[in-house]
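Listed here are the chains, written in short residue letters.
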Amino acid sequence: MTPATLQSALAAVGYLADDALAMALTLGDMLGRPVLLEGEAGVGKTEVAKALAEARAARLIRLQCYEGLDAGQALYEWNYQRQLLAIRAREGENPDAVEELIFSERYLLKRPLLEAITQAEPPVLLIDEIDRADEAFEAYLLEVLSDFQITVPELGTIRATARPFVVLTSNGTRELSDALRRRCLYAYVDYPDAERERAIVLARLPHVEAELAGQAARFVRALRAESLEKTPGIAETLDWVAALAGLGVRDVAADPETVLATLGCLLKTEPDLRSVTIEVVARLAGKAA
């Protein structure tokens, strides 16, 4: 698959990838390497993996990272309750036979990483917000990404039957290790320019008039240049445009009061809402018109 054909496949499922992102994903597929997507929250990094899975007709397996995530929660766990029930039900039987039974795959709870490497067809494995996990978890992850195999002491080494396409995302809340970065191809996902955001709006909200979509994209782009605590992402733009269209707004400059009243779709903190006054709305709407 070439970058151009991948862009077309992603566009068909509603994701408009730029040239750099399409090249990184194509090379990741070609070389069998994970792709690390870095960028601000809300730019659509998670949506890349979702769209890629849909475009490839592949299963999406998602590991949401967070502080304190450990290998057991990401790799596998034993179903202790079922094991205890099995032990009680087989009291008096050969202990070795019971042990062999309860430490079989039947009692293994597969978490996302093990689930991903045991699929018959290559899935898309999304490791979301890897920067929220700690460095100890990165060490476990490096082993999986290097060999695509997981060792379960009671069962042995489980190797990938179909190598997953791995997408990692990071919001840059902490610096990732050099070892992790070396194992990945890299792409920085930025906020789209106004024209591409307009195209995204029209792709996701085909009922919206093209003029309103263009004005909204230019308004949001100008809004992102303001001093805000939380910059609105693409999902917020889509919510806002849907709200405007639902309220019958066709021109943001002609109805600043409604625009101001709907800013809760874009701005998610009280200081940001207070800072964007009717005067600011009029100024930004003037730029967007």
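Residues numbered from 1 in each chain as written. Predicted model: local features only at pLDDT ≥ 70, side-chain atom pairs only at ≥ 80, totals over all residues. Heavy atoms only, no water.

**A look at the overall build of the protein**
Now for step 1: Tallying secondary structure elements over the protein gives 15 helices and nine strands in all.
Now for step 2: The dimensions of the protein, computed from C-alpha atoms along their principal axes, are 80 × 40 × 35 Å.
Now for step 3: Counting all 289 residues of the protein, 46% fall into the buried class.
Now for step 4: Summarising the internal contacts of the protein: among those between residues at least 6 apart in sequence, 74% fall at separations of at least 24.
Now for step 5: Total accessible area on the protein stands at roughly 14200 Å², and carbon and sulfur atoms take up 50% of it.
Now for step 6: The positive charge centre, built from 31 side chains, and the negative charge centre, built from 45, are 2 Å apart in the protein. (Helix = DSSP H or I, 4+ residues; strand = E, 2+ residues; numbered from the N terminus. Buried < 20%, exposed > 50% of the residue type's maximum accessible area, 1.4 Å probe, protein only. Contact = heavy atoms within 4.5 Å. Areas by Shrake-Rupley, 256 points an atom, 1.4 Å probe, with all protein chains shown as cover. Lys, Arg positive; Asp, Glu negative; His and termini not counted. Charge placed at Lys NZ, Arg CZ, Asp CG, Glu CD.)

**Side note on the packing of aromatic side chains**
Now for step 1: Scanning all chains against the criterion turns up two aromatic pairs.
Now for step 2: A ring pair is formed by tryptophan 78 and phenylalanine 103, whose centres lie 5.1 Å apart and whose planes are at 90°; its orientation type is edge-to-face. Of this pair, tryptophan 78 sits in strand S3 (residues 76-78) while phenylalanine 103 sits in the loop between helix H6 (95-102) and strand S4 (108-110); the two residues are 25 residues apart in sequence, bridging distant segments of the chain.
Now for step 3: Consider the rings of phenylalanine 219 and tryptophan 240, whose centres lie 5.0 Å apart with planes at 35°: the pair is tilted. One end of the pair, phenylalanine 219, is in helix H11 (residues 210-224); the other, tryptophan 240, is in helix H12 (residues 234-246), and 21 residues separate them in sequence.
Now for step 4: In this structure tryptophan 240 comes out as buried when scored by relative accessible area, which is 0%.
Now for step 5: Across from the ring centre of tyrosine 107, 4.8 Å away, lies the NZ or CZ of arginine 82, which sits over that ring. (Phe/Tyr/Trp six-rings, centres within 6.5 Å; stacked < 30°, edge-to-face > 60°. Lys NZ or Arg CZ within 6 Å of the ring centre and 35° of its normal.)

**Structural notes on unusual backbone geometry**
Now for step 1: One non-glycine residue, glutamate 129, adopts positive backbone phi at about 55°.
Now for step 2: In this fold, glutamate 129 is placed in the loop between strand S5 (124-128) and helix H8 (135-147).
Now for step 3: For glutamate 129, a relative accessible area of 18% puts it in the buried group.
Now for step 4: Positive phi outside glycine occurs at phenylalanine 148, with the angle close to 50°.

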